[in-house]
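Tertiary structure, described
One-letter residues, chain by chain:
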Amino acid sequence: MEESSDRPGEKIVIRIKDWGSKEVTRGTTILEMLGDLHQKLKKEALAARLNGKIVDLNTPLLENASLEILTFDDPEGAEIYRHTASHVMAQAVKRLYGNVRLGIGPPISNGFYYDFDFTTPISPDDLEKIEEQVKQIIKEDIPLQRIEVSREEALKIFREKGENFKVELISDLPEGETISCYRQGDFIDLCVGPHLPSTGRLNFFKLLNLAGAYWRGNENKPMLQRIYGTAFPKQKMLEEYLHFLEEARKRDHRKLGKELDLFSFHEEGPGFPFYHPRGIIVRRELEKFWRDEHQKAGYLEVETPLILNRRLWEQSGHWEHYKENMYFTKIDGQDYAIKPMNCPGSMLIYKTGMRSYRDFPLRMAEMGLVHRHEKSGTLHGLMRVRSFTQDDAHIFMLPEQIESEVGGVMELVDHFYKVFGFSYHVELSTRPEKAMGSDEMWEKATSALQSVLDKRGIPYKINEGDGAFYGPKIDFHLQDSLGRTWQCGTIQLDFQMPEKFDLSYIGPDGQKHRPAMIHRVVYGAMERFFALLIEHYGGAFPLWLAPVQAIVIPITDRQRGYALEVNDLLRHEKVRVEMDDRSEKVGYKIREAQVQKVPYMLVIGDKEVEAHSVAVRHRERGDLGILSLNAFVEKIKEEINEKK
RNA sequence: GCUCACGUAGCUCAGUCGGCCAGAGCGUAUCCUUGGUAAGGAUAAGGUCACCGGUUCGAUUCCGGUCGUGAGCUCCA
């Protein structure tokens, strides 16, 4: 609408969000304009949105326009800030280790990274040195300059520098695309930008860790060294972030698992978890809840063997598609495999009799222990293991029941996660490269899942090519204490297994038909869900899950008799109770119970013996005063039942 | 699987630039203490310094390999 003209000295009008309009001379940069407008804003501004497009502050204003100033509080602002930080780090690395080639260096949530190809690998000790150099570059306050170049020029620049990764990136850019670079002093990087106007705009900077990363995420390509870091405009923000990381480490399920004596791992079985008495209590409670809810939701429970003949796995397609992840054994000279999935077993149960459309939907659930050979480097506490129990179910149904059944599972998942207070996000995964079945089948199955999500208005992300080999899936992801996400629930539509196993049902027409089927889990894997729960609650499980729900603490030996009576009564009422009658002071016993995150501590002195009562202390609410023994028993039983 | 780092008592961690009996705190055991809401005191036990080789007069320490663990990549519930 607004025609630009090339007459110099002409005035143009800029409408600035939250700051009204401003008249400037054509050609004034955004930064210059801000200087006239407001010093604080100029200081906080990182980039701007000019007529909807995010640009550098050095961008000259050439026509009437609308402008929005981006600060660190805007997600885009923070990204630009971190992106510049990554360039500065790369410059520092270049200065210190001249002979290093650059990979990529994007901002990520809470920070940034940059990938480098060093001639000799650096060690974590080098980070300090790099950090010092970064500080130096910030101090030098070097301006960042955007340069737009032709493809040939870009190739020339980076070829001359020996930056063959950058050359590869440029070569892969579509023809005709403007190629931009950012220069700061002697350092130049291929980058779309935008960036901060100068390195001095960065403030508090911290390099966090060093890791390996394949070039372009491809395991067949060279491995680079990735340096992770973060940057904030205020010291306090950086400190808060580092503090958050520290707190998150305290909630790490691997640490809490040890401290609370829940589970362990051993060299004798890497990736194979050992549940301790306290850990198995939590798991059994989760299972109990699961059985109750599944019974209500109309599921039938089954159990199938751990080891089954090779023939079955050939029939299911696992032999062909999943062999690398399976464990094998021989029985009487015949090949057997330890099940990596529960479905083939359920197929055999399905086939033990004639099925009628009247039986549908047939919801067959199984807490099935599966074993998978996961790559050693991927193991991670209970989150990623080699043997785990899936709260599996296979639903056999009429094709027209798919939508309502998928919807039903989604409701069940939502209900479960709400009970634990988890928030989650949903992803839809489509056909992988290595897949069974025709494109039409995949198309049909994928759009069925998509339509359920769309109809329910559930936001989801699409993961192209991430489906199971037998069908597309809807995944439910939860976050751990550090914000890393883990797939838990999943709903997988499968038109393959029914074919492979020649499943049938008798329809109303008296003829045989092929049933539709879904695989689904709600918790996902009990191990992973348990790990997430530990981190979610920081080890302080809600009463109904707590391994020890109450601890009886007699003050002296005199109260031991009555304390034992309290202990026995609670135990008979199925409360998980322990007694601490060691000759230690009350304070000591309380401290230990607090550290172990026991919900209720029952202190018993002479007064309580006399009154047949208990002095109740709650791990979070503190001293709750004296309750009669019976009143406490009722109270705790009620709270357990209500899953408070 | 790959890159880098790490592996010392049940746990958390010192330490040894190659050399006498390898240390601390917590925990455990025994004794003293019987103390009212987050650590009472004393004594003791506890280690093939992950494992296997090599270098060396001598290795927990240096080198190589194996196993395990961590961060991340790849892969996945």
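Residues numbered from 1 in each chain as written. Chains lettered and ligands numbered in written order. Predicted model: local features only at pLDDT ≥ 70, side-chain atom pairs only at ≥ 80, totals over all residues. Heavy atoms only, no water.

Concerning the pattern of salt bridges
One pass over the full model with this rule turns up 55 salt bridges. A salt bridge links Glu285 to Arg576; the shortest N-O distance between them is 2.8 Å. Residue Glu285 is found in helix 9 (residues 277-296), and its partner Arg576 is found in the loop between helix 17 (560-572) and strand 30 (577-579); the two are separated by 291 residues along the sequence. The residues Glu285 and Arg576 share a single accessibility class, namely buried. (Salt bridge = Lys/Arg side-chain N within 4 Å of Asp/Glu carboxyl O. Helix = DSSP H or I, 4+ residues; strand = E, 2+ residues; numbered from the N terminus. Buried < 20%, exposed > 50% of the residue type's maximum accessible area, 1.4 Å probe, protein only.)

Looking at the packing of helix 3 (residues 75-96) against helix 4 (residues 126-140)
One way to put it is that helix 3 packs onto helix 4 with a least axis distance of 8 Å and a crossing angle of 115°. When the axis of helix 3 is compared with that of helix 4, the two are roughly perpendicular. The interaxial crossing formed by helix 3 with helix 4 has right-handed handedness. In this structure, helix 3 contributes Val88, Met89, Gln91, Ala92, Val93, Arg95 and Leu96 to the contact, and helix 4 contributes Lys129, Ile130, Gln133, Val134, Gln136, Ile137 and Glu140. Taken together, the residues that form the contact of helix 3 with helix 4 break down as eight nonpolar, three polar and three charged. (Axes fitted to C-alpha atoms, helices over the stretch in contact; angles between N-to-C directions. Parallel < 35°, antiparallel > 145°, perpendicular 65-115°, else oblique. Left-handed = near helix turned anticlockwise from the far one by under 90°. Contact = heavy atoms within 4.5 Å. Nonpolar A, V, L, I, M, F, W, Y, C, P; charged D, E, K, R; others polar.)

Side note on the packing of helix 17 against helix 20 (residues 629-641)
Direction vectors running N to C along helix 17 and helix 20 enclose 30°, while the axes themselves pass 11 Å from each other. When the axes of helix 17 and helix 20 are compared, the pair comes out roughly parallel. Helix 20 is crossed by helix 17, and the crossing has right-handed handedness. Facing Tyr562, Val566, Leu569 and Leu570 of helix 17, the residues of helix 20 in contact are Leu629, Asn630, Phe632, Val633 and Ile636. Residues belonging to the contact of helix 17 with helix 20 are distributed by class as follows: eight nonpolar, one polar and no charged.

Re the protein's contact with RNA strand B
Not every one of the 60 residues close to RNA strand B is listed here, only the nearest: Tyr214, Ser376, Val385, Gln487 and Arg591. By atom count, sugar and phosphate contribute 50% of the portion of RNA strand B lying within 4 Å of the protein. Interatomic distance of 2.3 Å between a backbone N/O atom of Gln487 and a sugar or linking oxygen of RNA strand B. Tallied by class, the residues present in the surface near RNA strand B amount to 20 nonpolar, 16 polar and 24 charged. (Near = heavy atom within 4 Å. Polar contact = N/O pair within 3.5 Å; in protein donor to acceptor, adjacent residues only side chain to side chain.)

Notes on the domain arrangement of chain A
As assigned here, chain A comprises domain 1 (4-70), domain 2 (75-251), domain 3 (269-305 + 341-537) and domain 4 (550-642). Each of domain 2 and domain 3 has a C-alpha centre, and the two are 40 Å apart. With five residues of domain 2 in contact, the opposing surface of domain 3 contributes four residues. Across the interface of domain 2 and domain 3, roughly 430 Å² is buried in total on both sides, 49% from carbon and sulfur atoms. Across the domain 2-domain 3 interface, the total number found is one salt bridge. One salt bridge connects Glu219 with Lys375, and the closest N-O pair in it is separated by 3.5 Å. Where domain 2 touches domain 3, the interface holds four residue pairs in polar contact (both at pLDDT 80 or more). (Domains from an automatic or database assignment. Buried area = accessible area lost by both parts, 1.4 Å probe.)

A few points about the sheet that holds strand 22 (residues 425-429)
Here we have eight strands laid out as an open sheet, ordered 16-20-21-28-25-24-22-23, and mixed in their pairing. Two strands lie at the open edges of the sheet, namely strand 16 (300-301) and strand 23 (460-463), each paired on one side alone. In terms of strand pairing, strand 25 (residues 485-494) meets strand 28 (residues 516-525) through five bridges, oriented antiparallel. Its bridge partner being in strand 28, Asp494 is matched across the sheet by Met517. Strands strand 16, strand 20 (362-371), strand 21 (387-397) and strand 28 of the sheet are contacted by helix 9, whose axis makes an angle of about 145° with strand 28. (Pairing = 2+ DSSP bridges.)

Examining the sheet that holds strand 19 (residues 334-338)
Pairing in this open sheet of three strands is antiparallel, and the strands run 17-19-18 from one edge to the other. Strands at the two margins of the open sheet, each flanked by one partner only, are strand 17 (307-309) and strand 18 (327-331). Each adjacent strand pair in this sheet contributes to an overall mean axis angle of 40°, direction not counted. By the bridge criterion, three bridges tie strand 17 to strand 19 in an arrangement that is antiparallel. Following the sheet pairing, Ile307 is matched in strand 19 by Ile338.

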